[in-house]
Amino acid sequence: MAFKVLFVAHAPDADKEKHRSEIKTGMYHLFTVVVKNQKEALQVCSDFVKTEGIDVILLCPGFKHDDVAEIARAAGSGVAVSVARGDGPSGRVSAAARRREGYRSKRMKE
């Protein structure tokens, strides 16, 4: 068995069925999916926990605290949920890059 991780990121123009990848080593299995909003993130996370037996869900910095909590509840206590956040300067650089690329500053909810 491999350690299974799902990385989920946001992008306004994402197609969750198309914008995904999978990398396998003998001991590590990484899935990535880019979603449009929290509704899709919840669906993807729930599906992967059920179908792939995910150990960890890693979320991009765009997920707000409430989003993370909602995903953790949906994933269940047997799945770790983490957020890839940097320090203060890194957060500012990341936010500036998202603004430059036209990401919405408000929550991506549907």
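Details of the structure are given in the entry above.
Residues numbered from 1 in each chain as written. Predicted model: local features only at pLDDT ≥ 70, side-chain atom pairs only at ≥ 80, totals over all residues. Heavy atoms only, no water.

Explain the packing of helix α1 (residues 38-52) against helix α2 (residues 65-75) to me, and be specific about the residues and the numbers.
Here α1 crosses α2 at 25°, and the two axes come no closer than 9 Å. The angle between α1 and α2 falls in the class roughly parallel. The hand of the α1/α2 crossing is right-handed. Counted together, Q38, A41, L42, C45, S46 and V49 of α1 and D67, E70, I71, A74 and A75 of α2 form the full contact between these two elements. For the contact of α1 with α2, the class distribution of residues is seven nonpolar, two polar and two charged. (Axes fitted to C-alpha atoms, helices over the stretch in contact; angles between N-to-C directions. Helix = DSSP H or I, 4+ residues; strand = E, 2+ residues; numbered from the N terminus. Parallel < 35°, antiparallel > 145°, perpendicular 65-115°, else oblique. Left-handed = near helix turned anticlockwise from the far one by under 90°. Contact = heavy atoms within 4.5 Å. Nonpolar A, V, L, I, M, F, W, Y, C, P; charged D, E, K, R; others polar.)

Summarise the pairing of strand β1 (residues 3-10); cite the residues concerned and give the values.
Sheet faces and side chains relate simply in a regular strand, where the side chains alternate between the two faces. In terms of burial, β1 is a largely internal element, six of the eight residues being buried. Here eight bridges tie β1 to strand β3 (residues 28-35), and the two strands are oriented parallel to one another. Within β3, the residue paired with K4 across the bridge is H29. (Buried < 20%, exposed > 50% of the residue type's maximum accessible area, 1.4 Å probe, protein only. Pairing = 2+ DSSP bridges.)

A description of the pattern of salt bridges should follow, citing residues and the corresponding values.
In the structure shown here, the tally under the stated rule is three salt bridges. K16 is the salt-bridge partner of E17, the closest N and O atoms lying 3.1 Å from each other. A relative accessible area of 15% means that K16 is categorised as buried. (Salt bridge = Lys/Arg side-chain N within 4 Å of Asp/Glu carboxyl O.)

Give a description of the environment of Q38 that names residues and reports values.
By the secondary structure assignment, Q38 is in helix α1. Judged by relative accessible area, which is 3%, Q38 ranks as buried.

Hey, could you go over the environment of M27 for me, with residue numbers and the actual values?
Position of M27 relative to the elements: it lies in the loop between β2 (20-24) and β3. The spatial distance from the C-alpha of M27 to the C-alpha of F3 is 6.0 Å, given a sequence separation of 24 residues.

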